[in-house]
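Here is what each chain is made of, one letter per residue.
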There are 2 protein chains.
Amino acid sequence: MLAASRIFSVKIVCQASEAVHVDNKSPSGVNLADTLNNGNGHRRVAMSSSFKTVRKLKVVSPVPADIDVANSVEPLHIAEIAKDLNLSPDHYDLYGKHKAKVLLSVLDDLQTLQDGYYVVVGGITPTPLGEGKSTTTVGLCQALGAFLDKKVVTCLRQPSQGPTFGIKGGAAGGGYSQVIPMDEFNLHLTGDIHAITAANNLLAAAIDTRIFHEATQSDKALFNRLCPPNKEGKKKFSDIMFRRLKKLCISKTQPEDLTPEEVTKFARLDIDPNSITWRRVVDVNDRFLRKITVGQGPDEKGMVRETGFDISVASEIMAVLALTTSLADMRERLGKMVIGNSKNGDPITADDLGIGGALTVLMKDAINPTLMQTLEGTPVLVHAGPFANIAHGNSSIVADKIALKLVGPGGFVVTEAGFGSDIGTEKFMNIKCRYSGLTPQCAIIVATIRALKMHGGGPEVVAGKPLDHAYLAENIALLEAGCVNLARHISNTKAYGVNVVVAINKFSTDTEAELNTVKNAALAAGAYDAVICTHHAHGGKGAVDLGIAVQRACENAANSFQFLYSLDISIKEKIEAIAKSYGASGVEYSEQAEKQIQMYTNQGFSNLPICMAKTQYSFSHKAGEKGAPSGFILPIRDVRASIGAGFIYPLVGTMSTMPGLPTRPCFYDIDLDTSTGKVIGLS
Amino acid sequence: MLAASRIFSVKIVCQASEAVHVDNKSPSGVNLADTLNNGNGHRRVAMSSSFKTVRKLKVVSPVPADIDVANSVEPLHIAEIAKDLNLSPDHYDLYGKHKAKVLLSVLDDLQTLQDGYYVVVGGITPTPLGEGKSTTTVGLCQALGAFLDKKVVTCLRQPSQGPTFGIKGGAAGGGYSQVIPMDEFNLHLTGDIHAITAANNLLAAAIDTRIFHEATQSDKALFNRLCPPNKEGKKKFSDIMFRRLKKLCISKTQPEDLTPEEVTKFARLDIDPNSITWRRVVDVNDRFLRKITVGQGPDEKGMVRETGFDISVASEIMAVLALTTSLADMRERLGKMVIGNSKNGDPITADDLGIGGALTVLMKDAINPTLMQTLEGTPVLVHAGPFANIAHGNSSIVADKIALKLVGPGGFVVTEAGFGSDIGTEKFMNIKCRYSGLTPQCAIIVATIRALKMHGGGPEVVAGKPLDHAYLAENIALLEAGCVNLARHISNTKAYGVNVVVAINKFSTDTEAELNTVKNAALAAGAYDAVICTHHAHGGKGAVDLGIAVQRACENAANSFQFLYSLDISIKEKIEAIAKSYGASGVEYSEQAEKQIQMYTNQGFSNLPICMAKTQYSFSHKAGEKGAPSGFILPIRDVRASIGAGFIYPLVGTMSTMPGLPTRPCFYDIDLDTSTGKVIGLS
């Protein structure tokens with residue numbers, strides 16, 4: 001079955017490869033006259049493998065603003081996209097006409113099916129402008145789905161809403177490779193981040209309030225309030241309390257049977273306020289909440305405390321959502337999140353506070369990924385968007401799992417990993433794949449001439465300032481010097497046992513000689529292939545060669561996946577394995593880092609994978625060190641943990657977890673056309 | 001047409017009135033054998049007026065816990081409910097299987113239709129336990145829709161999610177009169193409150209950040225950043241800036257043409273930090289955020305400020321949502337919200353900050369009400385839930401408007417007003433109806449024997465403590481003494497020119513003599529009718545008599561609606577008119593209140609309606625003064641304004657806008673059954 005499907009795929013590829021050179025003619029020999037045109041710019045192409053909804057893109061040059069490209073296409077009803085994936089209406093919940101939540105139960109129904117190919121998209125070390133990783137992810141899928149007749153699902157992260165109104169703008173891809181409707185993608189979506197905000201802050205409120213109530217009540221009073229008598233006058237433990245009782249090794253089931261010592265141990269969490277790592281969150285760029293003092297109201301009786309807010313996507317609950325594999329698994333992860341320690345040094349969990357169940361209830365719909373579509377009508381699953389420094393920066397495991405079943409053998413799931421491959425791809429492999437049990441056949445590295453010139457010694461690239469001449473005219477020497485960065489990303493990624501394809505994201509100023517230089521450098525460094533793509537300007541048509549290369553890379557994958565480190569070595573050994581892959585010759589730990597490593601080891605958490613919180617602008621800890629630095633000592637400033645999500649995160653520098661707004665934020669341009677209901681000015 | 005429909009209605013009523021006495025037999029003579037049974041406990045009853053989806057309720061005694069009653073019924077797909085209302089799929093967006101957002105555009109399509117009857121539900125002065133106003137609202141609609149064959153829509157407020165996890169539990173009605181699915185009603189719903197939180201906090205971030213940027217930049221630098229040159233080197237005002245230019249009486253259209261004085265006026269908002277009234281919000285009971293200090297991070301350069309968080313439903317944006325009438329109107333209201341003053345005393349608006357458009361974009365889906373269903377399959381619109389003290393405590397105008405068109409002539413829209421009629425109904429009449437242009441035919445006052453005994457001098461009623469014997473045994477004298485409270489609510493409500501129906505919400509401990517005492521007192525005080533109801537125990541069947549009374553009251557309404565005060569009198573005169581209706585003999589203003597009244601008058605806001613922030617536990621400002629106090633002087637402590645929403649709110653006491661969590665919050669019982677996906681423990 002699998003073998004046959006592969007042969008079939010190869011045949012299609014050859015035909016499609018020709019097809020793209022004859023002006024957007026239908027691929028694989030299907031005559032356009034045979035297709036069903038719904039009179040709406042959409043057509044259904046009957047294929048031997050499946051029934052596909054494909055949209056004709058009218059490409060304009062120069063490429064208009066992203067929102068204008070997005071608005072130039074009327075999206076299909078999402079039920080049509082779902083139907084193409086063979087999803088029955090029982091498998092999803094509509095959220096309006098262009099979004100649907102695919103229910104996790106679909107995994108049960110499809111569990112006997114084989115997975116499709118699994119492709120991860122990483123990048124070289126980027127400039128602050130970004131090198132088009134999301135756009136390449138989308139463009140590749142448009143090529144596979146709309147030109148190469150493959151079943152394909154794009155798996156993307158949900159962007160934070162904060163930056164949409166700040167500096168950055170949206171995150172739905174760009175040019176003719178976008179997810180639509182772009183405004184729905186960037187705002188609210190189906191409420192997952194709002195659910196995270198609500199759950200995160202309910203837990204935060206529970207922490208401060210519990211300390212407050214413990215401070216004003218005796219052990220006995222506290223216990224009586226926690227286990228009040230019911231109407232029959234009988235005290236009862238609630239179900240969640242048995243989790244704490246079990247942790248305390250108390251096997252009694254009746255509140256009355258507890259000894260006074262047990263009452264104290266059970267009822268008094270005795271949280272050390274200085275140990276609390278759980279912060280509040282908002283999905284807004286609100287720099288004034290970075291450091292605050294709470295509890296200054298008269299009713300809080302002087303129980304003030306310094307704390308702060310992060311942006312919502314920095315919540316551990318976001319990382320839990322991205323790494324969970326089922327409702328039951330999410331319940332356990334949320335319950336075991338550690339919020340700080342008792343004064344004795346014991347970790348205090350959400351379940352100790354009696355709140356793990358309520359958090360799960362708040363997150364029960366968020367666990368279902370959101371189905372959307374690309375400009376060319378191929379399906380997209382948007383789900384989770386954890387930070388790529390203090391968290392692992394990848395979209396969700398459940399979305400990828402569902403997608404792999406939906407595309408089936410011979411189909412493709414393309415998932416993006418945040419930042420350069422030293423961060424995004426590394427965490428994809430060592431954290432996400434470790435928890436999912438999935439393994440990719442192919443890893444893409446997105447590169448631009450611009451970024452490689454920077455790595456070769458080009459002048460600094462600053463967002464919002466005009467690019468230096470070096471980036472706009474041919475400069476082979478600068479480029480060649482910069483290819484060391486690409487080479488290290490290739491060799492690091494190859495080490496996982498996957499085929500590496502380099503996607504050279506072409507800009508209009510790039511010359512033929514420059515593009516060939518990068519291509520040759522990539523192949524010399526061991527890339528399976530290196531392909532020039534123009535999906536920003538041309539949509540899927542501009543990524544057909546990339547699609548073909550990816551298909552070949554998947555079909556010829558060696559099935560030799562391996563992790564960079566095993567979990568059973570010490571925290572330090574794991575950190576050092578990763579540091580070595582950065583080019584470091586050693587690791588230096590601060591006193592605080594040493595203390596934390598000791599604490600997590602004592603608490604029994606040393607078997608977790610490591611999530612490095614490092615700058616994305618260099619292999620090293622110094623953003624200014626471009627190219628492929630080596631021989632440096634990587635400093636570990638502090639070590640923290642997301643126990644529920646399931647990783648330890650060493651801090652290799654100061655990570656901002658709350659962006660700010662500039663003097664003139666994006667929101668000045670954003671408005672609603674109240675006559676049409678359309679969003680204007682979103683970028 | 002209208003007359004004919006009325007005669008028809010009367011006929012149905014008589015039949016139905018009999019029907020309920022013959023054991024849940026189908027009303028109006030339709031034989032059950034003639035109905036379509038979909039095999040799912042639901043049946044469709046073919047009626048001459050419409051096709052109705054009605055559900056057989058299997059009533060159990062004693063009434064089980066609310067969540068168990070709610071879970072005992074499988075909800076219909078919301079598309080079926082929509083179909084019964086003659087909504088086409090273009091008129092709504094599904095949000096899963098049991099919720100749909102009804103699009104505002106439906107009003108355009110139905111604008112030529114006549115409205116149905118409009119019924120508002122208020123109450124007597126309540127005990128802290130609540131007297132069943134929501135439950136009565138739902139029960140009445142179940143009676144009208146499932147037993148009296150009326151087109152009916154229930155309009156309810158969306159509850160805050162915070163209290164669901166705190167003390168109070170959910171707010172979907174109770175017993176056999178509930179909105180289902182109860183967990184979806186109480187949690188997230190379709191994201192409206194989350195949208196409010198996001199919009200509120202974006203504005204808050206914009207305020208502090210603007211002050212920060214103004215503090216560190218010259219007028220010219222500020223102006224250049226606000227109007228940066230585009231690619232052609234030309235500066236441009238964005239559309240929203242013309243709103244500020246207009247306010248400043250600057251008619252120039254090119255940034256270059258502004259004089260240095262105009263540049264300063266335009267670019268420097270010069271917000272007085274001490275004048276800022278805009279606070280941040282979370283939809284969580286987080287008492288430690290009541291009073292906080294922000295800006296303590298090193299990057300904020302010492303710009304610390306004391307402020308605080310309210311619960312999200314206290315946001316002015318919630319009041320805007322409840323009072324707006326269209327997208328264009330919402331855009332204007334959001335833009336003109338005042339966040340504080342400049343150091344010169346000029347009000348600073350959201351549009352001055354350049355953010356009114358972005359707020360509208362965040363709220364564009366929230367303006368669409370959410371369609372749900374009752375236990376008996378009648379339609380419910382859930383929309384907006386503003387505070388009933390610092391705001392007007394009523395669900396949205398747009399939901400009521402849509403509902404009135406959907407039920408059409410002879411149909412009923414029943415909408416609830418928060419707290420007792422001195423607060424909820426008064427604000428419904430003088431604020432909500434003023435902005436909507438709608439007028440009710442009938443006002444219901446929900447009364448309980450328990451609360452009336454308290455008003456007659458019964459001992460204090462405290463939530464969570466057992467009721468005193470006085471409330472559990474017959475005590476006519478106590479009850480008769482308490483009926484003065486009911487009488488004043490009746491006469492106050494009658495003054496608006498509507499027919500008043502008293503709904504006596506029967507408890508199992510109430511005696512026949514007690515019930516008759518209240519009935520007689522109500523009629524003596526001028527009620528159109530007074531009816532005993534048992535909808536908590538029996539569902540719609542228990543409110544059929546109430547339904548009949550309401551129908552008569554509507555059909556015989558005098559069409560003589562009048563406000564309590566006109567808008568063109570002074571702020572003080574308006575306050576005094578309302579105080580008089582409370583029984584006060586005068587009003588006393590604090591120095592601060594005098595100052596604020598003067599300021600709002602100077603700023604041109606004196607023509608707004610008044611929204612009194614007063615305790616709901618007494619007609620007076622003292623919660624302990626039960627019955628019908630009179631001759632007191634009402635103290636006005638402070639006066640504030642929600643300019644965007646459109647009202648001035650005097651503070652008659654201290655209103656808490658952020659609840660706390662108890663030692664053992666509701667969340668201890670709440671969990672997800674991960675095998676079924678069902679929520680457990682929600683109350």
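For the structure itself, look to the data block above.
Residues numbered from 1 in each chain as written. Chains lettered and ligands numbered in written order. Predicted model: local features only at pLDDT ≥ 70, side-chain atom pairs only at ≥ 80, totals over all residues. Heavy atoms only, no water.

Colleague: Sorry if this is basic, but what is going on with the overall build of chain A here?
Modeller: Helix and strand counts for chain A stand at 22 helices and 27 strands. Taken against the 2.2 N^0.38 rule, which gives 26 Å for 683 residues, the C-alpha radius of gyration of chain A at 26 Å falls within 12% of a compact globule. Considering only C-alpha atoms, chain A reaches an extent of 85 × 55 × 55 Å along its principal axes. By the burial criterion, 63% of the 683 residues in chain A qualify as buried. Taking the contacts inside chain A whose residues are at least 6 apart along the sequence as the reference set, 74% of them involve residues at least 24 apart. For chain A, the accessible surface area stands at approximately 23,700 Å², while carbon and sulfur atoms represent 52% of it. Distance between charge centres in chain A, computed from 69 positive and 68 negative side chains, equals 2 Å. (Helix = DSSP H or I, 4+ residues; strand = E, 2+ residues; numbered from the N terminus. Rg over C-alpha atoms; globule rule 2.2 N^0.38 Å. Buried < 20%, exposed > 50% of the residue type's maximum accessible area, 1.4 Å probe, protein only. Contact = heavy atoms within 4.5 Å. Areas by Shrake-Rupley, 256 points an atom, 1.4 Å probe, with all protein chains shown as cover. Lys, Arg positive; Asp, Glu negative; His and termini not counted. Charge placed at Lys NZ, Arg CZ, Asp CG, Glu CD.)

Colleague: How should empty space enclosed by the protein be read in this particular structure?
Modeller: Over the atoms, a rolling probe the size of a water molecule traces out where space has been left empty. Here the structure, examined in full by the defined rule, presents 16 cavities of 30 Å³ or more. Approximately 300 Å³ is the volume attributed to the largest cavity. Sorting the residues of the lining of the largest cavity by element identifies helix 7 (192-216) of chain A together with helix 7 (192-216) and helix 13 (356-363) of chain B as the ones contributing at least two each. In the lining of the largest cavity, the residues fall into 11 nonpolar, 8 polar and 7 charged. (1 Å grid on protein atoms, 1.4 Å probe; cavity = no way out; pocket = protein on both sides within 12 Å on 5 of 7 lines; lining within 4 Å. Points joined across faces, edges and corners; volume = space filled by probe spheres on them. Nonpolar A, V, L, I, M, F, W, Y, C, P; charged D, E, K, R; others polar.)

Colleague: What is the right way to read the nonpolar core from this model?
Modeller: Residues A:F266 and B:F266 are the most contacted members of the largest nonpolar core, which totals 282 residues. Here B:F266 is in contact with B:R210, B:F223, B:L226, B:C227, B:F237, B:M241, B:R244, B:L245, B:L248 and B:L258, once residues within four sequence places are set aside. (Core = buried A, V, L, I, M, F, W, Y, C linked by side-chain atoms within 4.5 Å.)

Colleague: Quick question: what am I supposed to make of the relation of the copies chain B and chain A here?
Modeller: In this arrangement, two copies of a chain are superimposed by a rotation about an axis accompanied by a shift along the axis. Under the fitted operation, chain B is carried onto chain A by 0.0 Å of movement along the axis and a turn of 180°, and the coordinates agree to an RMSD of 0.0 Å. Considering both components of the superposition, the chain copies are consistent with a two-fold axis. Residues of chain B ranked by C-alpha distance from the rotation axis are headed by B:Y95, positioned 2.2 Å from it. (Least-squares fit on C-alpha atoms with pLDDT ≥ 70 in both.)

Colleague: What should I look at first to understand the pattern of salt bridges in this one?
Modeller: Side chains that differ in charge, positive against negative, can pair when their charged atoms come close. Counted by the stated rule, this structure contains 70 salt bridges over all chains. Here B:E184 and B:K99 are joined by a salt bridge, their closest N and O atoms 3.2 Å apart. One end of the pair, B:E184, is in helix 6 (residues 182-186); the other, B:K99, is in the loop between strand 4 (92-94) and strand 5 (100-102), with 85 residues separating them in the sequence. Of the two residues, B:E184 and B:K99, both sit in the buried class. Of the charged contacts in the structure, one is a salt bridge between B:D310 and B:R279, with a shortest N-O distance of 3.0 Å. Pair noted here: B:D310 is in strand 13 (residues 309-311) and B:R279 is in the loop between helix 10 (260-267) and strand 10 (280-282), with a separation of 31 residues, a long-range link. For B:D310, a relative accessible area of 10% corresponds to the buried category. The class of B:R279 is partly exposed, set by a relative accessible area of 26%. One salt-bridge network, in which partners are shared between bridges, spans A:R243, A:R331, A:E332, A:D351 and B:D671. (Salt bridge = Lys/Arg side-chain N within 4 Å of Asp/Glu carboxyl O.)

Colleague: Where do I start with helix 8 (residues 219-226) of chain A in this structure?
Modeller: An α-helical turn contains 3.6 residues, so a residue and the one three or four places further along point in the same direction. All names here are of chain A. Here helix 8 has its buried residues at L222, F223 and L226. Each buried residue of helix 8 sits inside an arc of 95° when the element is viewed along its axis, so together they form one side. Against helix 7, helix 9 (241-247) and helix 10 (260-267) lie the buried residues of helix 8. (Arc of directions from axis to C-beta.)

Colleague: Honestly, the interface of chain B and chain A in this entry has me stumped. Any pointers?
Modeller: One frequently used descriptor of interface size is the decrease in accessible area upon assembly of the parts. With 81 residues of chain B at the interface, the matching set in chain A holds 81 residues. Here chain B packs against chain A, burying approximately 7,100 Å² in sum over the two surfaces, 64% of which is carbon and sulfur. The largest contributions to the chain B side of the interface with chain A come from B:F288, B:T663 and B:Y668, which together make up 12% of the buried area. Applying the counting criterion to the chain B and chain A interface returns 14 salt bridges. Viewed at the interface, chain A and chain B are joined by 38 residue pairs in polar contact (both at pLDDT 80 or more). Every element with two or more residues in the side of chain B that touches chain A is listed here: strand 4, helix 7, helix 8 (219-226), strand 10, strand 11 (292-294), helix 12 (327-335), helix 13 and strand 26 (671-673) of chain B. Considering each element in turn, the side of chain B that touches chain A owes the most residues, 12 residues, to helix 7 of chain B. The residue makeup of the side of chain B that touches chain A, split by class, is 40 nonpolar, 20 polar and 21 charged. (Buried area = accessible area lost by both parts, 1.4 Å probe. Polar contact = N/O pair within 3.5 Å; in protein donor to acceptor, adjacent residues only side chain to side chain.)

Colleague: Would you take a moment to explain the environment of A:K364 for this structure?
Modeller: Position of A:K364 among the secondary structure elements: in the loop between helix 13 (356-362) and strand 16 (370-374). Between the C-alpha atom of A:K364 and that of A:E576, which follows or precedes it by 212 residues, the distance is 38 Å. Those residues in contact with A:K364 that sit more than four places away from it in its chain are A:L327, A:M330, B:D183, B:L672, B:G677 and B:V679.

Colleague: Would you mind showing me how to read helix 21 (residues 571-582) of chain B here?
Modeller: All names here are of chain B. The end-to-end C-alpha separation of helix 21 is 17 Å, in line with the 16 Å expected for 12 residues at 1.5 Å each. All of the buried residues in helix 21 are I571, K574, I575, I578, A579, S581 and Y582. Taken down its axis, helix 21 places every buried residue within 155° of arc, on the same side. At its buried positions, helix 21 is contacted by helix 15 (424-436), helix 17 (476-494), strand 22 (586-589), helix 22 (591-602), strand 23 (633-636) and strand 25 (647-651). G583 sits one or two positions beyond helix 21 and adopts a positive phi of about 105°. (Expected span 1.5 Å × (residues − 1).)

Colleague: Help me understand the packing of aromatic side chains in this model?
Modeller: Centre distance and the angle of the planes are the two values used to describe a pair of aromatic rings. Applying the stated criterion across every chain yields a total of 22 aromatic pairs over all chains. Geometrically, the ring pair formed by A:Y118 and A:F428 is tilted, given 5.5 Å between the ring centres and 55° between the ring planes. Of this pair, A:Y118 sits in strand 6 (residues 117-123) while A:F428 is found in helix 15 (residues 424-436), placing the two residues 310 residues apart along the sequence. Accessibility assignment for this pair places A:Y118 and A:F428 in one class, buried. Centroid distance B:F237 to B:F266: 5.3 Å. Interplanar angle 65°. Geometry classified as edge-to-face. Here the residue B:F237 occupies a position in the loop between helix 8 and helix 9 (241-247), and B:F266 occupies one in helix 10, the gap between them amounting to 29 residues. The same class applies to B:F237 as to B:F266, namely buried. Within the aromatic cluster, the residues linked to one another by ring pairs are A:F223, A:F237, A:F242 and A:F266. Lying across the ring of A:F563, A:R434 places its NZ or CZ 4.0 Å from the centre. (Phe/Tyr/Trp six-rings, centres within 6.5 Å; stacked < 30°, edge-to-face > 60°. Lys NZ or Arg CZ within 6 Å of the ring centre and 35° of its normal.)

Colleague: Even after reading the chapter, I still don't get the pairing of strand 20 (residues 499-505) of chain B, so can you show me in this structure?
Modeller: Along a regular strand, successive side chains alternate from one face of the sheet to the other. Residues and elements named next belong to chain B. Among the 7 residues in strand 20, 7 count as buried, and that is most of the element. Of the two faces of strand 20, the one holding N499, V501, A503 and N505 and the one holding V500, V502 and I504 are both buried throughout. Two elements, strand 19 (residues 442-447) and strand 20, share 6 bridges in a ladder whose sense is parallel. From the neighbouring strand, I445 faces strand 20, where its bridge partner is V502. (Pairing = 2+ DSSP bridges.)

Colleague: In this structure, what is going on with the packing of helix 14 (residues 397-407) of chain A against helix 15 of chain A? I would like to understand it.
Modeller: Working note: a packed helix pair is described by the angle between its axes plus the distance between those axes. All names here are of chain A. Look at helix 14 against helix 15: their axes get within 10 Å of each other, and the N-to-C directions meet at 65°. The pairing of helix 14 with helix 15 is recorded here as roughly perpendicular in orientation. Crossing of helix 14 over helix 15 shows right-handed handedness. Contacts from I397, D400 and K401 in helix 14 reach F428, K432, Y435 and S436 in helix 15. When grouped by side-chain class, the residues that make up the contact of helix 14 with helix 15 number 3 nonpolar, 1 polar and 3 charged. (Axes fitted to C-alpha atoms, helices over the stretch in contact; angles between N-to-C directions. Parallel < 35°, antiparallel > 145°, perpendicular 65-115°, else oblique. Left-handed = near helix turned anticlockwise from the far one by under 90°.)

Colleague: Honestly, the state of the cysteines in this entry has me stumped. Any pointers?
Modeller: Enumeration over the complete set of coordinates arrives at 0 disulfides over all chains. A:C611 carries a free sulfur, and the closest cysteine sulfur to it, the one in A:C433, is 14 Å from it. With relative accessibility at 0%, the residue A:C611 sits in the buried group. The closest cysteine sulfur to the non-disulfide-bonded B:C533 is located on B:C442, 12 Å from its own sulfur. (Disulfide = S-S within 2.5 Å.)

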